[in-house]
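Each chain, letter by letter, is given below.
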Amino acid sequence: RLHHLVTLGMANSKANEKHRRHYAATFRNHLLGWILKNPYLVGINWLCPMEVAIRAINIIWSMTLLKNDPSLNIFVWQVI
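Thresholds applied
- Residues numbered from 1 in each chain as written.
- Predicted model: local features only at pLDDT ≥ 70, side-chain atom pairs only at ≥ 80, totals over all residues.
- Heavy atoms only, no water.
- Core = buried A, V, L, I, M, F, W, Y, C linked by side-chain atoms within 4.5 Å.
- Buried < 20%, exposed > 50% of the residue type's maximum accessible area, 1.4 Å probe, protein only.
- Helix = DSSP H or I, 4+ residues; strand = E, 2+ residues; numbered from the N terminus.
- Contact = heavy atoms within 4.5 Å.
- Polar contact = N/O pair within 3.5 Å; in protein donor to acceptor, adjacent residues only side chain to side chain.
- Axes fitted to C-alpha atoms, helices over the stretch in contact; angles between N-to-C directions.
- Parallel < 35°, antiparallel > 145°, perpendicular 65-115°, else oblique.
- Left-handed = near helix turned anticlockwise from the far one by under 90°.
- Nonpolar A, V, L, I, M, F, W, Y, C, P; charged D, E, K, R; others polar.

Chemist: How would you sum up the nonpolar core? Please name residues and give values.
Modeler: Counting 12 residues, the largest nonpolar core is built from L2, L5, L8, A24, F27, L31, L32, W34, I59, L66, L72 and V76. For this core, the secondary structure elements donating two or more residues are α1 (3–14), α2 (17–37) and α3 (49–66). Considering every element that reaches this core, the biggest residue donor is α2, with 5 residues. If near-sequence neighbours (up to four positions away) are discounted, L8 is found in contact with Y23, T26 and F27.

See below:
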């Protein structure tokens, strides 16, 4: 359900510069990997509207927490 992305975002906001890069990179890799492996409306992850909504909320919250991180470039945001 991608709950861990919110945890990465919260950790990023409280971490020093070295760890911020790590948390942002982990967020990017996990979310882009999930998107690539679960194309829109294809597969089990899109069957239940509640599951989709939970993932969407977790993605939105994590994006909000990481929106100012310089290591996440425009390409990442466009894919998301």
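Chemist: Explain the environment of N16 residue by residue, including any values.
Modeler: Along the chain, N16 turns up in the loop between α1 and α2. With a relative accessible area of 44%, N16 lands in the partly exposed category. Among the polar contacts made by the side chain of N16, one reaches the side chain of H19 at a distance of 2.9 Å.

Chemist: Go over the packing of α1 against α3 with me, naming the residues and quoting the values.
Modeler: Relative to each other, α1 and α3 sit at 15 degrees, their axes nearing to 8 Å. In terms of orientation, α1 and α3 fall into the roughly parallel class. As for how α1 packs across α3, the hand of that crossing is left-handed. On the side of α1, the interface is formed by H3, L5, V6, G9, M10 and N12, while α3 contributes I54, N58, I59, W61, S62, L65 and L66. For the contact of α1 with α3, a count of residues per class yields 8 nonpolar, 5 polar and no charged.

Chemist: Could you give an account of the packing of α1 against α2, naming the residues involved and the relevant values?
Modeler: Look at α1 against α2: their axes get within 8 Å of each other, and the N-to-C directions meet at 160 degrees. Between α1 and α2, the angle is such that the two are roughly antiparallel. Regarding α1 and α2, the two cross each other, and that crossing is left-handed. From α1, H4, L5, L8, A11, N12 and S13 reach across to α2, where they touch R20, Y23, A24, T26, F27, H30 and L31. Considering only residue class, the contact of α1 with α2 consists of 7 nonpolar, 5 polar and 1 charged.

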